[in-house]
Each structure stands twice: as C-alpha cells, then as structure tokens.
Amino acid sequence: MKKNKKKNVYFITGGKTGGHIYPALSVALKLSEDENNNKVFYIGNKKNMEYELVKKYPQLQFLSIDFDGMPRKISLKLFLWGFKLIFSTLKSIFYILKYNPDALLGTGGFITFPTLFAGYVLNKPIMIHDCDTVPGLVSRVVSRFAKKVSLNFEEAKKFLKCKNIKINGNPIRNEFFTENNIKKDFNTDCLNILVMGGSQGAMKINEVSVNVFKKLLNQGYNLKVVVQTGVKNYEKTLELLENKTNPNLILKPYLNEIWNELKNAHLVIARSGSLSLSEICATSTPSILIPYPFAAANHQEKNARELEKANCSICLCERDLTCDVLEKTIVDLINNRQKLVEMSQNTKIFSKPNALNDIVCEFIGLSQN
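Now for a quick tour of the structure.

Rules and cut-offs
Residues numbered from 1 in each chain as written. Predicted model: local features only at pLDDT ≥ 70, side-chain atom pairs only at ≥ 80, totals over all residues. Heavy atoms only, no water. Salt bridge = Lys/Arg side-chain N within 4 Å of Asp/Glu carboxyl O. Buried < 20%, exposed > 50% of the residue type's maximum accessible area, 1.4 Å probe, protein only. Helix = DSSP H or I, 4+ residues; strand = E, 2+ residues; numbered from the N terminus. Phe/Tyr/Trp six-rings, centres within 6.5 Å; stacked < 30°, edge-to-face > 60°. Pairing = 2+ DSSP bridges. Contact = heavy atoms within 4.5 Å.

**Side note on the pattern of salt bridges**
Any two side chains of opposite charge can pair if their charged atoms end up close together.
Now for step 1: Following the criterion strictly, the structure yields 15 salt bridges and no others.
Now for step 2: Here Glu33 and Lys30 are joined by a salt bridge, their closest N and O atoms 3.6 Å apart.
Now for step 3: Residue class for Glu33 comes out exposed when judged on its relative accessible area of 56%.
Now for step 4: With its nearest N and O atoms 3.7 Å apart, the salt bridge here joins Asp66 to Lys84. Of this pair, Asp66 sits in the loop between strand 3 (60–64) and helix 3 (76–99) while Lys84 sits in helix 3, placing them 18 residues apart in sequence.
Now for step 5: Residue class for Asp66 comes out partly exposed when judged on its relative accessible area of 33%.
Now for step 6: Connected through shared salt-bridge partners, Lys47, Asp66 and Lys84 make up one network.

Structural data, given as structure tokens:
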C-alpha cells in the first residue's frame, strides 16, 4: 500500500498595512493551491487588518500574536513593548514546535519579527521579501540570518546583509495582469480615473481630488471617477459632495477587487507604496503619485521617483498638493492622449508577471534544501 506523501507546512507572516499583507497573502494563497500537500499558516495580529483579510480564505489557518510597532521614544511604552517582544517570541516558538513548519517567509511589518526570530532560534530556513527602495527596519535586521532575500528594487540591496539576494519584483495576484492582446483604449470619449490613497485611505488626497473632479465634471469634462476613500474617511469625504449626487463621481470606502478598477482606469492617482506601484504597472496604468510624507526613510517618494524617471508616472509631493496643482496636472494629461499612451507603455519596465511564481518556487526550494 502506497504511503501518503507528507504535507509540507509553511509559515507566512506580514502585517499592519496592505503593503506588507498583500504580498504575504498572495504567496500564502499560491502555496495553498496544492491543498493535498501543503498546509499554510498565516501569522499576524488579530487586531490588525491582516486578520480580516486572511479569514476570508478557509484554506489558510490564522495564528495570532499580540505584537505591534516599536515606540520611537524612551518611555514606559517602550519598556512594555520589550516584554511584548519576549512574550510574542515565546508564543512563536510554541507555534513552531507545535506545527513544525518546513520554512518561514516574512514580508515586513513589526509583527513578522518575533516569528522569524523564533524560526532562527529553532534553526528553521527563513526567507524575506521587501517591496521598497529602502527596506524596513525588520528586513534589515532579519536579512542577517535569512537564507534568502527577495526584493522589488535593485537599489534596496545595498541596505541588506545577505549573500543570497534576488530581484524578483513584488508577488501580486494573477488577477492584476491584463492579457497581452487587451490594451487600454485611450481614444475613448470618456476617461476612467481611479483615486486610491493606500489600503487605509488618505484624507488629503480625498479632499483635493474630490474638489478638483467636482469642478472638472461641472465644466463638462467627460470623466468617470472612482475614489477609494478608506473606511475611516468615507463619511467625511462624502460630506464634500454637499448632498449632491453625480453618477460620474463615485465614492467607495474600500475596493476588494481593486484589479478590476485598475484594468479599467486610464489614469490613477495614488500613494506610492511599492505594492501599489506593482499593481499599477501590472495593469499598464499611467499614474499621478502622491507619496506618503511620513514614510520611513522617505521611501515612498524614492519609489515614485523611480517610476517618474521611467516616464510612466508624475510625482507630486503632498507639501505641494493643492487643487490648482492637481487640476493642472490632470487636465494636461487628459488633453494629451499620446502622453497617456506612452506612460502606459513605459510601465512594462516595472511589470513582473512571474514574480509570484518565482518567489514561491524559491521559497519551496528553501524548504527542500
């Protein structure tokens, strides 16, 4: 009688923001496609966004640890955080001893550190993926004991201490990639514009963009605009419409299937988190990028400047963002369709359709060595 093949067990961790969660979730779902031979656990914090997203997928099992970002000032909070770090590491050790994962993958956020460090203590193979031009603090620390490091930007290599580094691009869902024979039609009468301020929204972007598009639509511009406000900012942004409805200006708290909106968009106005940029480029969408001004090491502006250099985006810093500036930038683009076509074509430089498969293959290989 033939013995059943041993299931492979994998721990995936990444949390707090979409830029950390979605790459981890993409890898976890890809691994779980082979449900007969893979068992995938997602480690995060039940209080964070990762829990709400992961629980939608019954093929994944969620393991919670109560850990969050490090306070930046010496205080009682920092002292208590140190105890949480010790407790979370011990809980991660318990999970590893109980489920015996073949390998661990982290995609960033402080929530990943206790689990990855526990894996190192127990001599488990560890891989990390970092999305940004300037890797986060956790990635820089963990790279010293990780077996493999995967990156989106070549520029990030200089910050990390690991002999095995590969530039793969970001792991994003296959739904984002448009078939080769389908191209955006920039000669259409009505242009579709998407506004998205990151997974949690951005009130400054909501406010300026809604006021600009109210004006442009009143002036007769043929546009259809969808604004992802973020759940917390939805009601406040709705007030900007002053109880006037316009079928061509649609506010949504959150878009679960954002790939559909991006595929239909002729222009996107967005933050410049690395994952968002990968999704924008995968769908060949020209963009106006407004970096989050308080991002660590100003990495969002550095991300945006990389795309601006390749002429597929325009970078506007939030300190310079006014209704007049955004209106002029939008009008210049919608009046120059050839410019939009060129920007769309130039996104191919950053589009990595094989990134998810490459990262998963490397991760599985790590567990087999």
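There's more to say after this.
**Points about the packing of aromatic side chains**
Now for step 1: On inspection of all chains with the given rule, the structure shows 14 aromatic pairs.
Now for step 2: With 4.3 Å between their ring centres and 40° between their planes, Phe41 and Tyr99 make a pair best called tilted. Placement of the pair is Phe41 in strand 2 (residues 38–44) and Tyr99 in helix 3, with a sequence separation of 58 residues.
Now for step 3: Phe41 sits in the buried class, given a relative accessible area of 1%.
Now for step 4: By relative accessible area, Tyr99 is classed as partly exposed at 24%.
Now for step 5: Ring geometry for Phe117 versus Phe145: centroids 6.3 Å apart, planes at 65°, classification edge-to-face. Residue Phe117 is located in helix 4 (residues 112–121), and its partner Phe145 is located in the loop between helix 5 (137–142) and strand 6 (148–151); the two are separated by 28 residues in the primary sequence.
Now for step 6: Judged by relative accessible area, Phe145 falls into the buried class, the value being 16%.
Now for step 7: Joined through ring pairs, the aromatic side chains of Phe113, Phe117, Tyr120 and Phe145 make up one cluster.

**Focus: the pairing of strand 9 (residues 223–228)**
Now for step 1: The buried fraction of strand 9 amounts to five of the six residues, a majority that puts the element mostly inside the structure.
Now for step 2: Looking at chain direction, strand 8 (residues 191–196) and strand 9 are connected through six bridges and run parallel. Looking at the pairing, Met196 lines up with Gln228 of strand 9.

**What to know about helix 10 (residues 299–309)**
Now for step 1: Listing the buried residues of helix 10 in full gives His299, Gln300, Glu301, Asn303, Ala304 and Leu307.
Now for step 2: Contact partners of the buried residues in helix 10: helix 9 (274–282), strand 12 (287–289) and strand 13 (313–315).

**A few points about unusual backbone geometry**
Now for step 1: Even without a glycine there, the phi angle at Asn100 is positive, about 50°.
Now for step 2: Along the chain, Asn100 falls in the loop between helix 3 and strand 4 (103–106).
Now for step 3: Residue Asn100 is classed as partly exposed on the basis of its relative accessible area, which comes to 42%.
Now for step 4: You will see that Asn123, though not glycine, has its phi angle at about 60°, which is positive.
Now for step 5: Structurally, the position occupied by Asn123 is in the loop between helix 4 and strand 5 (126–130).

Note that all results are geometric; they support no functional claim without further evidence.
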